[in-house]
Amino acid sequence: MAFRSVLSVTGADHSDQDVRTAANLCAEVGAYLSVLVMSPPPLIMPSPLLGDGIPEWPGQRAQAIARLDKRFRQIERFSQDIARLEKTSREIHKLLRATWRCYDLDIANCDQASVGDAVRQRALCNDLTIVGPALLNDINLGPLVVNGSLFDTGKPVLVVPEGAEATLSPRRVLVGWDSRVEASRSVREALDLLAGAEEVRVALVDPEATCTGAEPGADIAAYLTRHGARVSVDRLASAGKPVAMVLAQHAIDTSADMIVMGAYGNRRLRERLFGGVTRWIVGKPSLPLFLAR
């Protein structure tokens, strides 16, 4: 599909690197950019109430003072978060007015439990979400954004690690294929990228024989060819190595500019995807990773 609307999520304390990356990608394909600046504060817990609705006051004066001091520090941090959000938004406005004028910007100051939903609402109305280096390295905000944009919407995500040359017009693309629904969706969402590439290599790791007797990968190769892609199929043996490691090495060997693959894992496995397979692939080699669920 063509990417006409792109979402970039960044933290209030992040550098402008992720927004710059997203703006450059939008300029490359003429897409509209939506920026969401987030600063999830700590949860401010209400005072416990007695049965008649009156706040329970600690029995000792020292406890009361400590509790009030903690509440004051929470409110002070909340005010600081708002100030950072406003400062970051002004800086991003200034940046985008000078580089890419087709954009909008919103801020969200919500608790940890609400981050995913705030991202989901915006990702649903965009074609693609960009996860840049700063967000990728934010262990608190990054997984929540991936959950909200990728797992909770069905929309694709482009992960751009530090040092990667991000592009929405890659010349050589490696597709990790295993005949599963997630892999099929990643291919469908990346069709425009694949059709425009000079070379698409469909990689199958330890493929099993098909029930029709056709060579593994022949069906997806034919599908992509009908959409105008220049396709070859690589059947790889894992030799006991993890699939992610095999794909990453093959991407290096074939000088790929991007890896396209399905995002797997139920709710319990999402943290593992963010910190495991994805981290390995985006770190070795440092390539953009196009994911769909």
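Residues numbered from 1 in each chain as written. Predicted model: local features only at pLDDT ≥ 70, side-chain atom pairs only at ≥ 80, totals over all residues. Heavy atoms only, no water.

Assigned secondary structure in the chain consists of 11 helices and 10 strands. A burial count over the chain gives 47% of its 293 residues as buried. Carbon and sulfur atoms provide 52% of the accessible area of the chain, an area that totals close to 14,800 Å². (Helix = DSSP H or I, 4+ residues; strand = E, 2+ residues; numbered from the N terminus. Buried < 20%, exposed > 50% of the residue type's maximum accessible area, 1.4 Å probe, protein only. Areas by Shrake-Rupley, 256 points an atom, 1.4 Å probe, with all protein chains shown as cover.)

Under the counting rule described, the total for this entry stands at 11 salt bridges. The salt bridge involving Arg-188 is made with Glu-189; its shortest N-O contact spans 3.6 Å. With a shortest N-O distance of 2.7 Å, Arg-201 and Asp-234 are connected by a salt bridge. Here the residue Arg-201 occupies a position in strand β7 (residues 199–205), and Asp-234 occupies one in strand β8 (residues 231–236), the gap between them amounting to 33 residues. Since its relative accessible area comes to 11%, Asp-234 is described here as buried. Residues participating in the shared-partner salt-bridge network are Glu-199, Arg-201 and Asp-234. (Salt bridge = Lys/Arg side-chain N within 4 Å of Asp/Glu carboxyl O.)

Before going further, it helps to examine the pairing of strand β6 (residues 172–176). In terms of burial, β6 is largely enclosed, as 4 of its 5 residues are buried. Bridge count for β6 against β7 is 5 bridges, and the pairing is parallel. The residue of β7 that forms the bridge with Gly-176 is Ala-203. (Pairing = 2+ DSSP bridges.)

Of all 7 residues in β7, 5 are buried, a share of seventy percent or more. Pairing of β7 with β8 involves 6 bridges; the strand directions are parallel. Looking at β8, one finds that Val-205 is bridged to Leu-236.

Moving on to the nonpolar core. Core analysis: the largest hydrophobic core is formed by 44 residues, its most contacted members being Leu-33, Leu-158, Leu-194, Leu-224 and Phe-290. Ranked by the residues each element gives to this core, the list is headed by helix α1 (residues 17–29), at 5 residues. In this structure, Val-9, Val-115, Val-131 and Leu-135 belong to the second largest nonpolar core, which totals 34 residues. (Core = buried A, V, L, I, M, F, W, Y, C linked by side-chain atoms within 4.5 Å.)

The next subject is helix α8 (residues 218–226). Among all positions in α8, only Ile-220, Ala-221 and Leu-224 are buried. Projected down its long axis, α8 shows its buried positions confined to an angular sector of 105°, all on one face. Away from its buried face by more than 90 degrees, α8 exposes Asp-219 and Arg-226. Here the buried face of α8 lies against α6 (181–189), α7 (191–196), β7 and β8. One or two residues past the end of α8 sits Gly-228, with phi positive at roughly 95°. (Arc of directions from axis to C-beta. Contact = heavy atoms within 4.5 Å.)

Let us look at the state of the cysteines. Counting across every chain of the model gives 0 disulfides. For the unlinked cysteine Cys-26, the closest cysteine sulfur is that of Cys-102, found at 8.9 Å. (Disulfide = S-S within 2.5 Å.)

Below, the discussion takes up α1. In an α-helix, one turn spans 3.6 residues; hence positions three or four apart end up facing the same way. In a regular helix each residue adds 1.5 Å, so 13 residues correspond to 18 Å; α1 covers 19 Å between its end C-alpha atoms and thus fits that length. For α1, every residue scored as buried is listed here: Asp-18, Val-19, Thr-21, Ala-22, Ala-23, Leu-25 and Cys-26. Downstream of α1 by one or two residues, Gly-30 has phi in the positive range, about 70°. (Expected span 1.5 Å × (residues − 1).)

For Asp-206, which is not glycine, the phi dihedral falls at a positive 50°. By the secondary structure assignment, Asp-206 is in the loop between β7 and α8. Of note, the phi angle at Ala-239 is positive, near 55°, even though the residue is not glycine. We classify Ala-239 as exposed; its relative accessible area is 72%.

Taking strand neighbours across the sheet as the criterion, the 10 strands line up as β3-β2-β1-β4-β5-β10-β9-β6-β7-β8 in an open arrangement whose pairing is mixed. Strands with a single pairing partner mark the edges of an open sheet, and in this sheet they are β3 (103–108) and β8. This sheet shows a mean twist of 25° between the axes of neighbouring strands, independent of strand direction. With 7 bridges joining them, strand β1 (residues 5–11) and strand β2 (residues 32–38) adopt parallel strand pairing. If you follow Ser-8 over to β2, its bridge partner there is Val-35. Across the sheet, helix α3 (residues 112–123) lies against β1, β2, β3 and β4 (128–131), angled at about 170° from β2, the strand it touches most. (Axes fitted to C-alpha atoms, helices over the stretch in contact; angles between N-to-C directions.)

Any link to function would need more than the numbers given here.
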